[in-house]
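Observations on the three-dimensional arrangement
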Amino acid sequence: MLKVAIDLFAGTGGFSHGWIQAGGVIAVAVDVWDKALKNHEHNHPETPTLKMELGHYSIEYTAKILKRFLDCFEGEEIHIHIHGSPPCQDISNASNGDPSNGMKLVLWFLELVAYMKPDSWSMENVLPVASRLPENVPFIRVNSADYGVPQNRRRVFAGVGWSLTPTHKKENWVSVLQAIPSLEGCEFEAVPSMVNRWKNLTIKRPSPTITSQSVGQIRIKSKEGVRGISVQESSIIQGWDDLKFISTLTQSEKKIMVGNMVNPPIAKAICEGIQ
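As a starting point, this report considers the structure included with it.

So, how was this worked out
Residues numbered from 1 in each chain as written. Predicted model: local features only at pLDDT ≥ 70, side-chain atom pairs only at ≥ 80, totals over all residues. Heavy atoms only, no water. Helix = DSSP H or I, 4+ residues; strand = E, 2+ residues; numbered from the N terminus. Rg over C-alpha atoms; globule rule 2.2 N^0.38 Å. Buried < 20%, exposed > 50% of the residue type's maximum accessible area, 1.4 Å probe, protein only. Areas by Shrake-Rupley, 256 points an atom, 1.4 Å probe, with all protein chains shown as cover. Lys, Arg positive; Asp, Glu negative; His and termini not counted. Charge placed at Lys NZ, Arg CZ, Asp CG, Glu CD. Axes fitted to C-alpha atoms, helices over the stretch in contact; angles between N-to-C directions. Parallel < 35°, antiparallel > 145°, perpendicular 65-115°, else oblique. Contact = heavy atoms within 4.5 Å. Nonpolar A, V, L, I, M, F, W, Y, C, P; charged D, E, K, R; others polar. Pairing = 2+ DSSP bridges. Polar contact = N/O pair within 3.5 Å; in protein donor to acceptor, adjacent residues only side chain to side chain.

Observations regarding the overall build of the protein
A tally of regular secondary structure across the protein gives nine helices and ten strands. A globule of 275 residues ought to have a C-alpha radius of gyration of about 19 Å, and the protein, at 19 Å, matches this closely. Seen along its three principal axes, the alpha-carbon backbone of the protein occupies a region of about 60 × 40 × 35 Å. In the protein, buried positions account for 52% of the 275 residues. Put simply, the protein shows about 13,200 Å² of open surface, and 49% of that area lies on carbon and sulfur atoms. The averaged location of the 28 negative side-chain charges in the protein is 8 Å from the averaged location of its 28 positive side-chain charges.

Focus: the packing of helix α7 (residues 231-238) against helix α8 (residues 251-260)
Taken N-terminus to C-terminus, the directions of α7 and α8 make an angle of 5 degrees; their axes are 10 Å apart at the nearest point. Taken together, the axes of α7 and α8 lie roughly parallel to each other. Of the residues in α8, those in contact with V231, S234, S235 and Q238 of α7 are Q251, K254, K255, V258 and G259. Looking at the contact of α7 with α8 residue by residue, the class counts come to two nonpolar, five polar and two charged.

Points about the sheet that holds strand β8 (residues 187-190)
Sheets are built from strands paired through backbone hydrogen bonds, the pairs being either parallel or antiparallel. Pairing within the open sheet is antiparallel, and its three strands lie in the order β8-β9-β10. In this open sheet, the two strands that pair with only one neighbour each are β8 and β10 (225-228). Adjacent strand axes in the sheet meet at a mean angle of 35 degrees when their direction is disregarded. As judged from the four bridges shared by β8 and strand β9 (residues 218-222), these two strands associate in the antiparallel manner. Among the inter-strand pairings, A190 is bridged to a residue of β9, identified as I218.

Here's the deal with the side chain of N143
Within the secondary structure layout, N143 lies in strand β6 (residues 139-143). Within the local environment of N143, its side chain forms a polar contact with the side chain of N152, the two groups lying 3.0 Å apart. Within the structure, the side chain of N143 is placed 3.4 Å from the backbone nitrogen of R153, a separation counted as a polar contact. Non-local contacts of N143, meaning those with residues more than four positions away in its chain, are made with Q151, N152, R153, R154 and W173.

Put into structure tokens, the structure is as follows:
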């Protein structure tokens, strides 16, 4: 049976990448950010993309549009999965935003899933969303390090129709140095404002959570001096070793795309864990 996913709030395609690695197919990747979709196409040219402001249109209209991308699978035996990563900035503890504003798209996504009734669905968001989800929505708290990602990234994954089986235990978590062997002889160093938060920072363990700000917060110290962590290095720490960027992107845009994406190994594990 072919596992077909619709990837909503897809960004540059972290979820899509992992799903495809597991042998699945993405029917369509949807986002409102045109440059992110172009970069998605750059990495997965076989995957259709759709520029659409999710949450702006009615549930019925949105479902009608999305279902059109499933028409090409007519006659095939498929398992339909819907994934969403609604923006989490206002929900995060690190934000001064109003969490109720951040929950609007989360609740919209849950309503869309209830209306479309896929075979399975998943949603990724920051940990504080757990206390704001409706009581009937199942979720688990996930640390990406348990799935081979060289990063202590804790997120909530809600959904039904799948299970996650960790591939790594704490004693064999992948370190930054294992993921990026070229850093042999180097060490991590936090900028002054992050020293208290990141005590005992080292490349010999998984990295702290990668965000769009990490490139400016984590430095690499070597015999040659001190430099910032690169966008490509932060992408590897996110679990996407060979992420490519189109030439028209700014550094800031690259940092946002990398910092916001779902870790591909988690998406791969969800696809493999379809029940």
